Structures are given as C-alpha cells and as structure tokens.
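# Summary of the model geometry
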Amino acid sequence: MSISPFRPPITPLIVKENYLAMLGKGVRPDNRDLKTPRLIEIKTGVVEKAEGSALVKLGDTQVMAGVKIDVGAPFKDTPDQGVLMVHAEFVPLASPLFEPGPPDENAIELARIVDRSLREVNAVDLGSLVIRKGEKVWTLWVDIYVLDHNGNLYDASMLASMAALLDARLPDFEELETGEIVVKRGVRGEPLKITTKVVTVTIAKIGRYLIVDPNLEEESIADVKLVVAVDEKGRIVGMQKSGAGGLTHAEIEAALDLAREASTVYFKALEEAIAGRRG
Amino acid sequence: MSISPFRPPITPLIVKENYLAMLGKGVRPDNRDLKTPRLIEIKTGVVEKAEGSALVKLGDTQVMAGVKIDVGAPFKDTPDQGVLMVHAEFVPLASPLFEPGPPDENAIELARIVDRSLREVNAVDLGSLVIRKGEKVWTLWVDIYVLDHNGNLYDASMLASMAALLDARLPDFEELETGEIVVKRGVRGEPLKITTKVVTVTIAKIGRYLIVDPNLEEESIADVKLVVAVDEKGRIVGMQKSGAGGLTHAEIEAALDLAREASTVYFKALEEAIAGRRG
Amino acid sequence: MSISPFRPPITPLIVKENYLAMLGKGVRPDNRDLKTPRLIEIKTGVVEKAEGSALVKLGDTQVMAGVKIDVGAPFKDTPDQGVLMVHAEFVPLASPLFEPGPPDENAIELARIVDRSLREVNAVDLGSLVIRKGEKVWTLWVDIYVLDHNGNLYDASMLASMAALLDARLPDFEELETGEIVVKRGVRGEPLKITTKVVTVTIAKIGRYLIVDPNLEEESIADVKLVVAVDEKGRIVGMQKSGAGGLTHAEIEAALDLAREASTVYFKALEEAIAGRRG
Amino acid sequence: MVVKKPEGLVLITPEGLRHDGRRPDELRPIKMEVGIFKNADGSAMVEYGKTRVIAAVYGPREPIQKFPLLPDKATLRVRYHMAPFSTEERKNPAPSRREIELSKVIREALEPIVLTEEYPRTVIDIFLEVIQADGGTRTAAVTAASLALADAGVPMRALVGGVAVGKVDGVLVVDIDETEDMYGEADLPVAAAPDIGLVTLLQLNGVMTREEFSRALDMALTAISKIVEMEKRTLRSGYVEAGGSEL
Amino acid sequence: MVVKKPEGLVLITPEGLRHDGRRPDELRPIKMEVGIFKNADGSAMVEYGKTRVIAAVYGPREPIQKFPLLPDKATLRVRYHMAPFSTEERKNPAPSRREIELSKVIREALEPIVLTEEYPRTVIDIFLEVIQADGGTRTAAVTAASLALADAGVPMRALVGGVAVGKVDGVLVVDIDETEDMYGEADLPVAAAPDIGLVTLLQLNGVMTREEFSRALDMALTAISKIVEMEKRTLRSGYVEAGGSEL
Amino acid sequence: MVVKKPEGLVLITPEGLRHDGRRPDELRPIKMEVGIFKNADGSAMVEYGKTRVIAAVYGPREPIQKFPLLPDKATLRVRYHMAPFSTEERKNPAPSRREIELSKVIREALEPIVLTEEYPRTVIDIFLEVIQADGGTRTAAVTAASLALADAGVPMRALVGGVAVGKVDGVLVVDIDETEDMYGEADLPVAAAPDIGLVTLLQLNGVMTREEFSRALDMALTAISKIVEMEKRTLRSGYVEAGGSEL
C-alpha cells in the first residue's frame, strides 16, 4: 500500500516563491544554472572484499554501491543467462527521516529503476555469465547503499552502480569432480562484459521551470520529477515519472532534451573514474 | 494470539430487540423465513487464465475462487496423493473494516474450514493427481477472494471453491527426457475427479432463534454461529462453532437439521451452475 | 536496533540503599550470602517425545529445555560435523513483562551465549554426529523455554540445556536403498557424546558488591552483570558483560574467582540429576 | 487426507478395546495441578495421558503495549502455542495457521464463561503452552485455561472442560490420542460448561452420520462432566490425578 | 532480460497486423462498469481484453488504525494487488516489490487529479485488485481507480485514464497484451487526464529513440482520450463495452 | 565449531610474528575521521586494517515514530548493521541474530559513557554500518560511535574505544583480523573508557586459562589507551592515520 508521504520537510510557501524568482533569472541558490548537475566525485575499488565497488558524491549526496558475485542457478526461462539483482538500502544514518527497517517504496522504486535501466539494454552482458548452461551461472548482486541523502538519489545510485559494475571482476573458481563450483574469493579474474554504460538524469519541475539534478531543498519544493535513463549512444533506455504531480507533453519533451545533454556530464565523470583506476 | 474483536459494528440493543420480535413471527427484515438462504448466483469460468474459477453472489456477499494447478512434490507421508492447498484473502476492498495485511485469524479459520470440508471426504480425489509416484504430483491451489462482505462468508466461500473445482481442468503437460514436467498452460485437459460435492451451511443463533445464512446485520447481533459441512449424501463432514457464545445440545441438534435441509438449496445452485456451463 | 529498555520494574532508590546496607553485612534478603546460588532442582526426561529434556528450577525461576534431533545436511565448511542449533523463547506466560512475538534481543543474546559456551569447547562432540560425510548429519535443536522468570535466566537456561543434552539419545534410524534416512522416533539409541559439561555463572554488581546468581529483584537494581562460562576443568570458556554499566579490571578478576567457585555447585546439581536418572 | 495405517496397528481389538487397552468410553489417566508459577496471577498444568499443557493467566490488567480496549467489558487475549520440542518433528516456534485458528477457537470457548463485563477497559491474558502433544491438545488447553482462570480469581459463570471424541474403525471412542486421531475417521473436539449446559467449543473433522454425531456429543458431554468435577477437586487441593475406573 | 520468442509466434504480420489481428493503433475490446459492490463508497470494473481489474474506494474517512494524517489535505492510500489466480503461475499473495512500486506509481498518478485539499485530516482508500493479468494491468488500474473515485463522489479535477504503448518488432503498437510485452522491445505505460492536458503516470521499460518516444506518447494520449470518453459514458449509464472500430 | 585451517597458513611464525607480519602486541594500521556526513549531527569513519566502520549520530531528538521515552534520561538507540557487500559472501541485509545481539552489546558499551541524564524524554540514535568486515568490527564500531558522539557534541563522561585480543596457536595477540579469528582458539572483544577505568564491553568466545585471560585483558586495555588517545587527536584535527611503531 502506498500512502501520501507525511513529512517531506515542509517548505514555507515564501521559500518556493523566492526560489521561483531566482529560477526566472536562470540561476539556482547553489549558483548552478538550471541544466547543470552538481559536482561529481567517483571513487572505485572502495571495498576490497567486494568484487566491485564505488563511492559517488553528487554534491553533498553520498551513495556507495557494491557488487558481490556468487554461483547460482539461472532462471528457468533464461537458462543461458546469468542473474542480475539490484537492491537498495536507505540506511538510517543517511537522513534524519530514514528509519531502520526493510526497504520502503522509495528504496524499492529506486532499485527497480536502476535494475530496469541496466537490464533493458543488457548493459551487463548476462549471456557471458554462464558457467554451465541451465545449471550454473554467475549471480551479480548490486547493492546500493545510501550514506548521505541530500537529494537526487536516482542519479547518484545509478552512477555508483555503473561504476561498481565497471570496477567488478569475476572471481576465480575451480570445478570439482563432483561438478560443484568452488569460488576463490581472493583471486580477481576477468572484468564483467559491459555492453554499454547507462546513466539516469533526473529532471525536477518547479512551477514552470525544469531543473537538472535537484538537491534536497529543490526536491522538497518540486511538483514532480522525471528520471530518464540514457545510454552512451544517447538512446532513451528507461523513464519514470516520480512524485505527486503531472507533466505536459511539451514538458516531457523538454525534459528529454535536458536529460540527454546532462548525461554527457555523467558519462565524462564515469570515464574519468575508470581511467583513474587504470592509470 | 487471538484478541476479543474491537469493532463488530456495534448494534444498539433496540435493534436486536426489534429483530427478535420479528423472528418470533417467523420472518426476517429481508423477507426471508428463518431457514432459507439468500438468493444464490454462481458463475464459473470467470478467470480464463486460472485452471478453474467461480464467482458466487449470496445475497449481497460476493466471493470469487480461483484454482491454480502446478506440478510439485507430494508430502512425504502421502507419496501417492496430490496436494491441495486452500488460502483465503479478505482483501480490503471487500469491507470498510478490512485492512491490508497478511490473513488474520478470520481468514485463516475460513480457509481451514473449507480445506477440512474438502479434505476429510476426499472431495477431490487426491489419488488421481499423481504424475510420478513419490516424485511429481499435481498441486491444487484454491484461492478464496472475498470481494464484498455482507455476511456469511463461510457458505459463499465454500460454494465458490466447490464451483471452481468443478470448473477446473488439469493443464496439459509434456514430460521431457530429463524427467522434468513442462506444463502447457493454454491447453485444458481432463476435469478434476470430484468424488462428492460438499457445501457448508451456516446457522446463527440470535436469542433463542436459529436462522440459516445470516447476513451482515444478523451476524452483528448473533450470539454464536455453527458452520456445518454437508456432502451430497447428507452426511455431516465437518463442523465449527464460531463466535463468542455457546449452544445447548438441543440447539446443536436443531441446527444440524436446518443445515441438512438448506444444503439442498446450495446443491441445487451448484448443479445449475455446472449444467449451465455444459449447456 | 537495540533500545534502552523502558520498564525494568523501577525500584525506588531507598530499596537499593537498604539492599546495599545488607550486602555490607554479607547477607541478602533471601538469607543467602553473596556467593551462593539459589536452590537448584533439575529434572530430566520431562518430555518423553523429545530426544532429551530437562526442567530446571533455580529458586523461583523455571526453565525447560528440549532437544530434538533430525537428519540434515552439514554446513559446507564443516562436512565432517553435525549441526547444533540453540534457540530461546521467552514465552509470555513466564513474566508479566513478556509479550508474544519473535525472540527479542534478550532471548537472542541468551541463546547465543548458551550456544557459544557449548560450541567453543565442542561440549557435544559434533564430529560424532556424522551419518554420511558431507551429506547427512544429525542436527541437534536445543530449545530453551523460559516458564517463570524470577531472575538469572542465563544460568538456569545453561543448566537446562546441558541437562537436556546429557539426557538425550540419538534416535534409531534406517537407511533405505535410495540412500534416504528414515528416523524411527520411538526407539532411543545411543546417548550423545558429551566431551565436557559447561555451566555459566552470572555475577551481578550492585554498588561495589559482587553477588552470585541474582534473583529478579537483584537484577532490577544491579548496575551490570557478568556471565562467565566455566567447564569441568575450571577453564573459562566464554564470557559476556550484560547490562548498561561498566566494570573495573579488578572487579572482573574478582568475578571470575566467584564464578569458578560457584560453578562447582552447579556441576554438583548436574551430577545428581544424571545419577538420579540412572539410579 | 488418508495416511496409510502402519502394519500391525490394531485400533480396535476383537474384544472391543483400543490400541492402548482402554475401553471406548474410558479417558486416559488425567493429572491436574494449579499454582505452578510464581509470576502469573493464575496457573495450571493438565495432563491427558502424554498430552501435557500448561496455562498462565495475567489480569485483569492494563496491556503493556497499548491497543484499543473494549468500553463495556474485558478483552480476552488467548494464545495457544506449541513448544518446539512437543511434537515428533521439531515445530518451528513461529505461530502456524493451525495455532492461530486454535487460539481463536479456544478464546471463543472461554468468552461465554468469563464474566468479562465486570472488568471493562482491561485485558485478561490467557497463555497456553503445549509441552507435549499426543492428541487432544486444544481440549486439554481449555481445561487448563479454566483452572488457571479460577486460580487467578477471575470471576466465571462456570468451569469449562474439554475432550475429543473420535471415530476409529467405526467405533466411537472418547479422549482420542494422536494415533487414533491420525488413523481414525473422525475427530470431534468439544468443550462445555456442564453446570450451565453450554457447549462452547465444537469442531468436527471427518465424517459422521447424524446418529453417530448425537451419540458422540453425548459421550463428550459425559466425559466433560467428569473432567469438570476433577477441576473442582483440583481447585480445592492443588493437585489431583486419576485414571481408569476412578474417572 | 531477453526471453526467447516461441517458434511460430509472429508479432507483426506482413500485412502490418498484430498477433491477435489488431491494427497497431487499435485498442483491445474494453468493458467498464461502476457500482459493482455494496460496501465500497465507489467501485468499478475495467477490462482491456483479458486484463481485468476491479477497484473500490472508501472515504474520505478516518482510518481504522490511526496514523498521522495530513493537516492540509486528504491522505491517499493506494494498493495495487494481484489475485493469486490472476497470473500464469500462482502468485504469492504477499505484496511483491513490483506491487509495492506500482502502488506508489499509481498513487502518484491519482494525486494530481483528486481534490485532496477539500478533505484535510482524512483518508481516501483506493484498493485495486487485478483479477486477470494479460498486460497493461497498471494502466487499466488507473482507469478503474478513476471510475471508482467518480462513483464514490470524490471531487476530482478531471478523469484520468491509462494505456500502455509498446514497441514490437520495431513497430509502435497501442494497448499491448502480455505476449507483446514479453517479446517486445519496449513498454511505455502512460496515464493522463486529457481534459487538463496532464500526464500523471509515465514509465519506460526498454529502448526507444527520441523520435519513437514522441510518437509513442502521442499514440498513448490519443488512446487515453478515447478511454476517458468511455469512462464518461460509463458514469452516465453504469456499463459500457466497446471494441474495434467503435473505439 | 572447528573449521579446518587451510594448508600453508602459518598463524605464528617461528620468529613469533603473525600471518600478516605483525608482532603479537601490534595493532593494525588505523585511520580515523570525523564529520564525514552532512545530514548527521555527528559522524565518523574508523579503519582497523581492512575493517571499516562508519557511524552517524542523530540527537538528542524526538523520534520520528513515537514510542515511550524515558522520563529521567535519554533513550539510546543503537543499530550495528553490515552492508551486504562487506563480507566474503553477500550478507542478507535483514538484521541477523548476530547483528541484533551486537547492537545490544554495543548499546550497553555506550550507556555508561553518555550523560543521558542531561536529555530526558529524547532519543539519541547511533547508527553503525560495517562497510568492510575483516575481524574486530564490533570493537571498531564502538570506537566509531565514540567519535561520532563527540562530533555531535553529545556530552560524555569519557571517550571509549575497543579492540579484540585473540589467542592464536597458543599466543595472545592484539587486534585480531578475520583469519586469526576464524582459525584461532579464542576471541576477547573489549571496549573500555581508560580515563575513568571502566570496561564497558567484554565478551569471550573460546577457551582461556585464568592467567591467560588476565594477560589478554591487560593487552586489550593497553591497546585501547592508544586508540582513545588517537580518538582525541582525531577530534582535534578531523583525520588521523597511524600504524606500526606510531601506535
């Protein structure tokens, strides 16, 4: 059951009006223009024990992602593909509003948006994850861990997930005579086969303005958000309207243009993070 | 833990007294005499994707039942029998008093009464549901879905379950060389082997009167109910006292007579529903 | 999440001061000196259907333990060992403060202390519980059932668990041609191989005094407790500080001496209980 | 569900006796004890043969965790629960669907008996633990609850007791054990308050003719009268046991 | 995830028709009915082909179990739930992660439409049950919710309706069914309130070019206009069905 | 439970060094940082070798979801939790029995230190996340909590720090890592506040003689003194790292 949320920190009307006045001049309180994301910092390999990991700072928002890889059985209807699972935890240290407990609808929605954005373009080539067809495949767990929630968890989580997957290496393994697979945790094997990188760009609508990468204060006064997943070729590979408002057809089209433009900033940050790793 | 219920809609004492006065004259506010069930409407085949289904209207009460059939393993102590599972959901759209959540004690009691009434007479011949003894059998899921709760969910649910089972057909299947069983969902095979039909008749005690098939208002002022399961031969194949009251031995005997008499009305409705299907 | 407990029955300050005055004279309100446990009564074989069982009364505290033995698979990293599971239920009949529900942090801590105390010295020789290496082993379930909580559940539960294990016999079994193991419940086979007996001794600190085996009132005014597991040779085989206070190094050392001394009382009670069984 | 009877098991001998030697109308040896716990306001232990149930009553009291109370009477809370070691195979301690149903059925067997109207806006908690299960646990639980309520001084209209009658190889037998339950044709658990002539728990699992049912119910009520008499003796003397011809 | 297409399944024929004979822009036969339940304040049934969803609305009311209400408007509570027998394989009735997400997405599709500010400190419950799932359940659910809200007399800015557009073998098709969803390349569920020009639900699963997306959204909005017109007819007459060229 | 030591693993070399080259009384390289998060009132990161724990403190504050608060002091709420990617095999994010126990043990290690009596009827939340687990996570968590509490300005009697001493091939060694924990004979996690001479966390898993225990506790307290000194430096400068002879 989904319930109208009780406490998005309620922003006085006056704040919203002042904010709209600024947007009218093309500028935001943190000195950004409307279409530029916050500062991005991506660090990979931050959890040595995980097969892949990354910490992303998007402004003051911090999200970590870890990739764990185990041997499992494939799904019945896809015997020739590995398994990808995306899970998000909004741990209570990340926000005064998060309570301990199983993932709520926001964490579930986030994980499913990241999951679909990866899955629909086969960003990780699941066909390359088969050990023994129909029997044994690699199972990838992407665990998103929100550490400091200061707005736009979507883009930060997608970046962290993508960076962690790019960082990940399949573990080495041995096949026993019994057919059992023994994973050798310490030994890092091949990198994952990534067919394309994907990012999401979140656009918030405040009054009649569309802004890219809203921070927490902006989210609290936004009417609605549109999360747009974009791949390296600029194709739209996923989308989700989120929040209790609506959008006109024209606004949606405009948001897509903003998303495609801003995606290049995210892709550049991803490139640098990986290059940094190899360098 | 079972807790005295907080809110059966509390009926003023005066209502109960007026009601008793009417009963004394052998008539009920909805113009029924004391021993006649409400109007019954049974429609089978209402969910094409289910292996069997039925919608039952008993007065204003509406209950749907669906039968899903899968391949599973038998229980260890009955390797030569299929598996029957009965589950009931009191979904919140059915009553202003139902809340979302896992089945409460009322839903569990209802499902278990239906389950036992079917099981104890082997109404569905479980021995006919073996695919490979000790290994593969058909598992029948009877799912009871209460849609509009206006009293006497027992009888309506039992009718819906029975009608759905009568409507059900085993799916076609193929046995692979590996021994795996592949179910072919679209293709409807043999009907289930029903050894006997069973209905329940619910008798409510209000003051010193016994009435058949209480509606919601009657349930709210009833002292206690007796649910009696009867098979086609008129045998008693199950029973449950329900509610926070007691019955004398004489009242129980009288209730059994009422139940057997009213069961013929239910059996007739079942017959017509099935005949209608074939016609 | 662990939360500061709301309602240990709050004892007025004056009670604590009177109590401390008594302790200063080396005596407790129930006439014990500071280092003597309450009266111990151990009865084994109290649940005939369990493979082993015991009821322990430690003063007014009553704890039952049952051992159930089933055939299961070993853990992957210990293919040559049986499985030991310890579980504790604080059922609501045992205290006005216990509520129905899954085990809380206190029940979990208790079970884990008993578990570790048994496991770390291999008190039950798990190597002797293998039926077919890597495939089939005996699984021991030790279920602790608190019946009347009047203080020091640790020592009473450890005694009950130990006595139930000493009472337990492996069930007889048959190996089918298919390799399946069929347990013959009625027939009691060999006793478990117990390599050493273990007890815990709980020391409470009240003011600057250390007392052995606190009763419920003493627990309510204690600053902190130290649970010390001791084996037959007097070795320390486990330890846990419990409660919202601290201990000095000197107090810890003194508590260990008290624990070793009092452990002999518990071991004697265990011996008598088993001797009584055989006599 | 038909579970096959093990070879060699004779449920009714040619002499008309049962697999454990009892006559059809004979109860198992029964033990009753009250006041077995210090914390509970009332407590009891009841044994029917190897079936053993303990009961504790707390209240009338305010509940620890607040919830809406009834303005005109006490709320009964009943929990029927099986110890993990009470059954052949270890029982998961989380409440099963069966335990949830039986908690309701037992609560409704006690509601007509307890004078709840004397304690509005309070809770009376009745906690029942099956220590060993060998058939008839729900009816032994009602008996134990009746004793523990009386031991707690909770005002009651009458004492209540329970017993299960079974149909085994076509013969009606009283106080069935687990073997008779598993391989028999019907199980009729009954609880009643003989002093006020009320049946407060009634279930039937299995098939009976109209006439069999009447006879079975009579047998149950006769046995319950004996059980309730024994409850009264127990409340006077603290502990009673009886078996065979004494019952 | 790429699930292999069964042999012989042709999603788009050489003539440009779909596997069930529809044209790309053709909706399935649609049925709508309101007032189907007695208890609910408003109720509705919606069918898109074999997809069938029922809706019940309770409120504005006080919730049974208290929780913090909004001081300035009504709280919407939306539950999208699938009956266990609605799917190919039996669905576990416990809410799945998918159902939790869709409950949120549907709630947010209704929030902009309902005049919640007229009923502060109350709850409006919207319960949606998928009785049979054959693709497009979330959008049919929005349509059913819109009808049930209107049937309950809840004041609304406009009616809202939903439909899913898919990309199947490279062709954009409206109101996809389960087969097209499973073997197609993209699924674009849309809900909108045509009378006020607002899109209130928008998801994309799959890949579209910029141009395809614009066209697909247009197709969806055209279809939704027809659906909302049909909602209006249904609210006048209680029951409407239409298919093929009537739509 | 005896897990067999892998071939070739030497826990104590003939020279008396450990498998990672440390002396028995040598801590792993340690890093500490405070103020790492914007939202939390106080935060910290602590590394002991590859073990990494982060801490956030919120409060004293009113809890979001109401529950009964203490009238005479602040309620501490402590959650020790492991990230799913922190361990060899992925850890299910639902709290395990171990995490529930450790949350209690850590709360009770902090209760004697925090001046809770200064903030009655409030909650102080201490959230601990294990980012990487390589032995000693509970004691590193106490250290991180101590730093985060101080960073949040919560008044404390003294700083507290933790370390685990192990017995490995018969040798007592300080600050054991996962390998030493798994294949060693005993593990003694200790937390203490050296400035007030109090041990506030003490567990022993494994077997020690009376004399070994005394020596092990001494070793732990000596190490904790160094750790708490390092905490003080960190609170002055924001970030400190040290290893080997610096400690």
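The structure we're discussing is the one just above.
Residues numbered from 1 in each chain as written. Chains lettered and ligands numbered in written order. Predicted model: local features only at pLDDT ≥ 70, side-chain atom pairs only at ≥ 80, totals over all residues. Heavy atoms only, no water.

With that out of the way, let us pick up empty space enclosed by the protein. Within this structure, the stated rule accounts for six cavities of 30 Å³ or more. Taken as a whole, the largest cavity spans an internal volume of roughly 60 Å³. Surrounding the largest cavity, Ile113, Arg116, Ser117, Thr200, Val227, Ala229, Val237, Gly238, Met239 and Gln240 of chain C together with Leu204 and Asn205 of chain F form its lining. At the level of elements, helix H2 (105–119), strand S12 (224–231) and strand S13 (236–242) of chain C together with strand S9 (198–208) of chain F are the ones that each hand at least two residues to the lining of the largest cavity. Among the elements that line the lining of the largest cavity, the one with the most residues is S13 of chain C, at four residues. Split into classes, the residues belonging to the lining of the largest cavity amount to six nonpolar, five polar and one charged. (1 Å grid on protein atoms, 1.4 Å probe; cavity = no way out; pocket = protein on both sides within 12 Å on 5 of 7 lines; lining within 4 Å. Points joined across faces, edges and corners; volume = space filled by probe spheres on them. Helix = DSSP H or I, 4+ residues; strand = E, 2+ residues; numbered from the N terminus. Nonpolar A, V, L, I, M, F, W, Y, C, P; charged D, E, K, R; others polar.)

A word on the sheet that holds strand S2 (residues 42–48) of chain F. A sheet is described by the order of its strands in space; here seven strands give the open sequence S1(C)-S4(F)-S5(F)-S3(F)-S2(F)-S1(F)-S10(F), paired in mixed fashion. The open sheet is flanked by strand S1 (2–3) of chain C together with strand S10 (239–242) of chain F, the only strands paired with a single partner. Note that S1 of chain C and strand S4 (residues 75–82) of chain F share two bridges and pair antiparallel. When the bridges of S4 of chain F are listed, Ser2 of chain C appears paired with Val78 of chain F. (Pairing = 2+ DSSP bridges.)

A complete count under the given rule lists 12 aromatic pairs over all chains for this structure. Residues Trp138 of chain A and Phe173 of chain A carry aromatic rings whose centres are separated by 5.5 Å and whose planes lie at 75° to one another, so their mutual orientation is edge-to-face. Taken together, the residues Trp138 of chain A in strand S7 (residues 136–148) and Phe173 of chain A in strand S8 (residues 169–175) connect sequence positions 35 residues apart. On the basis of an interplanar angle of 55° and a centroid distance of 6.3 Å, the ring pair of Tyr58 of chain E and Phe127 of chain E is categorised as tilted. Taken together, the positions of Tyr58 of chain E in strand S3 (residues 51–61) and Phe127 of chain E in strand S5 (residues 123–132) put the pair 69 residues apart, joining distant regions of the chain. Comparing Tyr58 of chain E with Phe127 of chain E, the two get one shared label, buried. Seen from the ring of Trp141 of chain C, Arg90 of chain D lies directly overhead, with NZ or CZ sitting 3.5 Å from the centre. (Phe/Tyr/Trp six-rings, centres within 6.5 Å; stacked < 30°, edge-to-face > 60°. Buried < 20%, exposed > 50% of the residue type's maximum accessible area, 1.4 Å probe, protein only. Lys NZ or Arg CZ within 6 Å of the ring centre and 35° of its normal.)

The next subject is the sheet that holds strand S4 (residues 75–82) of chain E. A sheet is described by the order of its strands in space; here seven strands give the open sequence S1(A)-S4(E)-S5(E)-S3(E)-S2(E)-S1(E)-S10(E), paired in mixed fashion. In this open sheet, the two edge strands, each paired with only one partner strand, are strand S1 (2–3) of chain A together with strand S10 (239–242) of chain E. Against the sheet, helix H4 (residues 210–237) of chain E makes contact with strand S1 (30–34), strand S2 (42–48) and S10 of chain E, and its axis sits at roughly 40° relative to S1 of chain E, the strand it touches most. (Contact = heavy atoms within 4.5 Å. Axes fitted to C-alpha atoms, helices over the stretch in contact; angles between N-to-C directions.)

Now for the pattern of salt bridges. The tally for this structure, following the rule as stated, stands at 174 salt bridges over all chains. Between Glu212 of chain F and Lys167 of chain F there is a salt bridge, and its shortest N-O distance comes to 3.0 Å. Here the residue Glu212 of chain F occupies a position in helix H4 (residues 210–237), and Lys167 of chain F occupies one in strand S6 (residues 161–168), the gap between them amounting to 45 residues. One connected set of salt bridges, linked through shared partners, spans Lys49 of chain A together with Arg18, Asp20, Arg22, Arg28, Glu88, Asp134, Asp175, Glu178 and Glu180 of chain F. (Salt bridge = Lys/Arg side-chain N within 4 Å of Asp/Glu carboxyl O.)

With 47 residues of chain E in contact, the opposing surface of chain A contributes 43 residues. A buried area of about 4,000 Å², summed over both sides, lies between chain E and chain A, and 57% of it is on carbon and sulfur atoms. Counting every contact that joins chain E to chain A gives six salt bridges. Lys104 of chain E serves as the salt-bridge partner of Glu109 of chain A, at 2.8 Å between the closest nitrogen and oxygen. For the pair chain E and chain A, the interface holds 22 residue pairs in polar contact (both at pLDDT 80 or more). (Buried area = accessible area lost by both parts, 1.4 Å probe. Polar contact = N/O pair within 3.5 Å; in protein donor to acceptor, adjacent residues only side chain to side chain.)

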